[in-house]
Amino acid sequence: MAIKGGGGSAENRGRSPLAMVVAVGLCCFFYLLGAWQRSGYGKGDSIAMAVNRQTAACGGVGLSFETHHGGAGVENETMAAPAPEFAACAAAMADHTPCHDQERAMRFPRENMVYRERHCPGDGERLRCLVPAPPGYVTPFPWPRSRDYVPFANAPYKSLTVEKAVQNWVRHEGRLLRFPGGGTQFPGGADKYIDQLATVVPFADGSVRTVLDTGCGVASLGAYLDARGVIAMSFAPRDSHEAQVQFALERGVPAFIGVLGSIKLPFPPRSFDMAHCSRCLIPWSANGGMYMMEIDRVLRAGGYWVLSGPPINWRTNHKAWERTEADLAAEQQLIEEYAAMLCWEKLAEMGEAAVWRKRPDAAVVSCPTATPAPPRTCDAAAASPDDVWYKKMEPCITPPQAAGEVMLRPFPERLTAVPPRVAAGEVPGLTGESYAEENARWERHVAAYRKVNYRLDAGRYRNIMDMNAGVGGFAAAVFSPKSWVMNVVPTAAELSTLGVVYERGLIGIFHDWCEAFSTYPRTYDLIHGNGVFTLYKDKRCKMEDILLEMDRILRPEGTVILRDDIEVLLKVQRIASGMRWKMIMANHEDSPHIPEKVLYAVKRYWTADDKSSEPEPEPEKMKKKAGSSSQERSSEEEEESTASSSEEKGSEE
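Within any chain, residue numbers begin from 1 and follow the written order of that chain's sequence. Thresholds applied to this predicted model are a pLDDT of at least 70 for local features of residues and 80 or more for the giving and counting of side-chain atom pairs; totals over whole chains, interfaces and linings are not thresholded and use all residues. By convention in this description, side-chain values take in all heavy atoms of the structure and omit both hydrogens and water.

Colleague: Describe the overall build of the protein chain, listing the residues and the values that go with them.
Modeller: Only runs of H or I of at least four residues qualify as helices and only runs of E of at least two qualify as strands under DSSP, and these elements are numbered from the N terminus. Of the regular secondary structure elements, the protein chain holds 22 helices and 17 strands. Whether a residue is buried, partly exposed or exposed follows from its accessible area with a 1.4 Å probe, protein chains only, as a fraction of its type maximum: under 20%, in between, or over 50%, in that order. Burial statistics for the protein chain: of 653 residues in total, 53% are counted as buried. Counting only contacts in the protein chain whose residues sit at least 6 apart along the sequence, the fraction spanning at least 24 positions is 71%. In what follows, a contact means two residues having at least one pair of non-hydrogen atoms within 4.5 Å.

Colleague: Hey, could you go over the side chain of arginine 147 for me, with residue numbers and the actual values?
Modeller: One can find arginine 147 in helix H5 (residues 145-148). You can call arginine 147 buried: its relative accessible area is 19%. Sequence-distant contacts of arginine 147, defined by excluding residues within four places in its chain, comprise Phe179, Ala223, Tyr224 and Arg251.

Colleague: Let's hear about unusual backbone geometry: which residues, and what values?
Modeller: Note the cis peptide between tryptophan 143 and proline 144, where omega equals 10 degrees. With respect to the helices and strands, proline 144 occurs in the loop between helix H4 (102-105) and H5. A cis amide bond, omega 15 degrees, links phenylalanine 411 with the succeeding residue proline 412. With respect to the helices, strands and loops of the structure, proline 412 is situated in the loop between strand E10 (353-358) and helix H13 (413-416).

Colleague: Any chance you could break down the sheet that holds strand E16 (residues 581-587) for me, citing the residues and the numbers?
Modeller: Strand order across the open sheet formed by 7 strands is E13-E12-E11-E14-E15-E17-E16, with mixed pairing between neighbours. Unpaired on one side and paired on the other, strand E13 (507-511) and E16 mark the two borders of the sheet. The sheet shows a mean angle of 20 degrees between the axes of neighbouring strands, direction not considered. Being paired, for any two strands, means DSSP has found at least two bridges between them. Alignment of strand E11 (residues 463-466) against strand E12 (residues 484-490), held across 4 bridges, turns out to be parallel. Bridge pairing links aspartate 466 to asparagine 487 in E12. Note on geometry: axes are C-alpha line fits, over the in-contact stretch for helices, and angles between N-to-C directions span 0 to 180 degrees. Helix H15 (residues 432-452) rests against strand E14 (524-530), strand E15 (554-565), E16 and strand E17 (596-603) of the sheet, and its axis sits at about 45 degrees to E17.

Colleague: Tell me what's going on with the nonpolar core, and back it up with residues and numbers.
Modeller: Note that soluble globular proteins tend to have their nonpolar side chains buried in a common cluster. Ranked by size, the top nonpolar core spans 139 residues in total, and within it Leu212, Phe267, Trp284, Trp305, Phe533, Met550 and Tyr600 carry the most contacts. Top element by residues in this core is helix H20 (residues 566-576). It accounts for 7 residues. Built from parts of two domains, this core gets at least three residues from each of domain 1 (181-363) and domain 2 (420-603). Sequence-distant contacts of tryptophan 284, that is, excluding residues within four places in its chain, are made with Thr214, Leu260, Cys277, Gly289, Tyr291, Met292, Ile295, Trp305, Leu307, Ile335 and Tyr338. Joining through side-chain atoms within 4.5 Å is the link that ties buried Ala, Val, Leu, Ile, Met, Phe, Trp, Tyr and Cys residues into a set, and such a set is a nonpolar core. Counting 12 residues, the second largest nonpolar core, distinct from the first, contains Ala155, Val170, Phe179 and Ala243. Where each domain begins and ends is defined by an automated method or by a domain database.

Colleague: An account of the sheet that holds strand E1 (residues 149-151) is needed here, citing residue identities and associated values.
Modeller: In a beta sheet, neighbouring strands pair by backbone hydrogen bonds and run either parallel or antiparallel. Here 3 strands make up an open sheet; going across it, the order is E1-E3-E2 and the pairing antiparallel. Strands with a single pairing partner mark the edges of an open sheet, and in this sheet they are E1 and strand E2 (171-173). Adjacent strand axes in the sheet meet at a mean angle of 30 degrees when their direction is disregarded.

Colleague: An account of the environment of isoleucine 312 is needed here, citing residue identities and associated values.
Modeller: Residue position: isoleucine 312 is located in the loop between strand E8 (299-308) and helix H11 (314-317). On the basis of relative accessibility, which here comes to 0%, the residue isoleucine 312 falls in the buried class. A sequence separation of 38 residues divides isoleucine 312 from methionine 350, and the C-alpha atoms of the two residues are 9.1 Å apart. If near-sequence neighbours (up to four positions away) are discounted, isoleucine 312 is found in contact with Leu307, Asn317, Trp321, Gln332, Glu349, Gly351, Glu352, Ala353, Ala354 and Trp356.

Colleague: So, the pattern of salt bridges: which residues are in play, and what are the values?
Modeller: The salt bridge definition used is simple: a Lys or Arg side-chain nitrogen within 4 Å of an Asp or Glu carboxyl oxygen. Within the structure shown, the criterion is met by 33 salt bridges. Notably, a salt bridge pairs lysine 358 with aspartate 296, separated by 3.6 Å at the nearest N-O pair. Residue lysine 358 is located in strand E10, and its partner aspartate 296 is located in helix H10 (residues 290-298); the two are separated by 62 residues in the primary sequence. Its relative accessible area of 4% is what places aspartate 296 among the buried residues. Linked by salt bridges that have partners in common, Arg118, Asp512, Glu515 and Arg540 make up one network.

Colleague: Mind laying out the environment of aspartate 564, listing which residues take part and the relevant values?
Modeller: When you line up the elements, aspartate 564 lands in strand E15. Taking the C-alpha atoms as reference, aspartate 564 lies 7.6 Å from valine 532; in sequence the two are 32 residues apart. Non-local contacts of aspartate 564, meaning those with residues more than four positions away in its chain, are made with Gly531, Val532, Phe533, Thr534, Leu569, Pro595, Glu596 and Lys597. Residues adjacent in sequence count toward polar contacts only when both atoms are side-chain atoms; beyond that, a polar contact is any pair of N or O atoms within 3.5 Å, and within protein one must be able to donate a hydrogen and the other to accept it. Within the structure, aspartate 564 has its side chain in polar contact with the backbone nitrogen of phenylalanine 533 (distance 3.5 Å). A polar contact of 2.5 Å, which involves the side chain of aspartate 564, links it to the side chain of threonine 534.

Colleague: Give me the lowdown on the packing of helix H19 (residues 543-553) against H20, citing residues and values where you can.
Modeller: Look at H19 against H20: their axes get within 10 Å of each other, and the N-to-C directions meet at 60 degrees. The orientation of H19 with respect to H20, classified from their angle, is oblique. Helix-helix and strand crossings are classified by hand; for H19 and H20 the assignment is right-handed. Seen from H19, the contacting residues are Met543, Glu544 and Leu547; seen from H20, they are Val568, Lys571, Val572, Ile575 and Ala576. Each residue receives one of three labels: charged for Asp, Glu, Lys and Arg, nonpolar for Ala, Val, Leu, Ile, Met, Phe, Trp, Tyr, Cys and Pro, and polar for the others, Gly being one of them. Classifying every residue of the contact of H19 with H20 by side-chain character gives 6 nonpolar, no polar and 2 charged. For classification purposes, angles smaller than 35 degrees are called roughly parallel, those larger than 145 roughly antiparallel, those between 65 and 115 roughly perpendicular, and all remaining angles oblique. By convention the crossing between two helices is left-handed if the near helix lies anticlockwise of the far one by an angle smaller than a right angle, and right-handed if it lies clockwise.

Colleague: An account of the side chain of arginine 118 is requested, with residue identities and associated values reported.
Modeller: Here arginine 118 is to be found in the loop between H4 and H5. A polar contact is formed between the side chain of arginine 118 and the side chain of serine 518, at a distance of 2.7 Å.

Colleague: Could you give me a rundown of the pairing of E10, with the residues and numbers involved?
Modeller: Within E10, 5 of the 6 residues are buried, which leaves the element mostly enclosed by the surrounding structure. When E8 meets E10, the two strands line up antiparallel, connected through 5 bridges. Residue pairing in the sheet places leucine 307 in a bridge with alanine 354 of E10. Alignment of strand E9 (residues 344-350) against E10, held across 6 bridges, turns out to be antiparallel. When the bridges of E10 are listed, alanine 348 appears paired with valine 355.

Pasting the structure below:
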């Protein structure tokens, strides 16, 4: 020990000035190295920080996956955001749908609804800003209440409440929109209509699981089929029926913006157990039966087609429809002939609804061909049957499998059973064993997600998207009656696996992530992406394009889970830090030495008026909290009173 004022010990006296310089130099070096790594540019420390954050998140500290801006007047919690790299778009862009822009649509032909199809902006026209939520936006109600009630602030449109008032589509009641479950062809309610169909279509035994609802309106059919274990993929164009698809998604019903026009639907052959049209205004008898042939393509053998509305029961309704008897009779005659040509057997005609069934043995049984024109078989050699992205629709019949189709097991058995496409070897490299391994892998992944985000199974997320779904392993692992997953199979993917997804009783769609998705902003609660950015690293679009699109379709306070290589996720993290996202990084659940990591993010709450995104001094925040509590309580009471009175009215009806 050195003595104050003395010469010190012999050891200290023997220490050379050079050693002191070296020691100080090393200290400075490691200090600068640490500072450099902490700045975000050192990969080693970024990984270490990610592991620390994962530990904190698992211990209940870090990202909050709760919502703070609910429809029942929950207190707004201000979150400080860093200076954004991406500015907010103008408030008028709150419902921006890039590939379905009304002004751009008018430049295209109206024939066959071409102008209502996807027309995406070029690279020079892309918006490089964050689409805002409308002022007053709140988290939607949890399912199943969201089926019937949507906060008006989230979709502030009234035209349908007036235009379809008699048909019970939607009603505006104070701060809420109420959906009584009516429709053009079922003003008495969707449940009664489904009960009628159920006398012919076997919804109860699980054999009908996936339904395609064409021209869906506000998707009340899909909303009420949900309670029967049936999932409907609904679509409608963005047209004069303002916000119909937006309403559907706000309700928590699967839907996308689309039209049956000149381009094939973004689904593989043999996807759906049933297709449905309730006065969907599709000219089924036109273009040589081309639209019925497209339904036949996506309908599996043994599937059902329901047509409700004109021209069915035209003898009774021709005056109300303001069409001549001859016109309606000719239209129905053509529909009957095309149905026979497609090997559809007519099962029933009930009032204004008719039900056909695609014969399960269509591959081996000859069908009538007495049609206005001889049927033509589509050229199967021209392209893969799954190659439908931006491909023109043709008036031809998609050939069935040579040996007929294997009938699927009833749902939910089919969720875990080996799908026929896998068993038949239709997906290269995928066998029954590798399929089981893939499902087990996703069970492990999702179990790890639950440790970080305990809200994953609590009904917090209704509308979920998987950006690179594969065979639907993630969707199967998170399967719950409280949620649904839009399984996206990118057109850039090596394997076309969407057919397998549908054979499991799940739903999905083909899409190219270099373009905007066919949906309104703020329509998904959780977005999952496995290897998306690695898949698109050499494509025509930039990483920021995909991230900006994710931000557009994600709700405020929505969650993102990205799984990819650490190098890729570090780039994602740098870009997303300027998008008002809060993020943490976590190791692969099997080992910290695996380069694949998981990035969790939560989108901050902010709206077009930008008040909620601005940080406030703590004293001011506390004053507001104390002074506004009574106002918040009265707001909550008012909304609950409105909802209660609405429910009472609904029960009376």
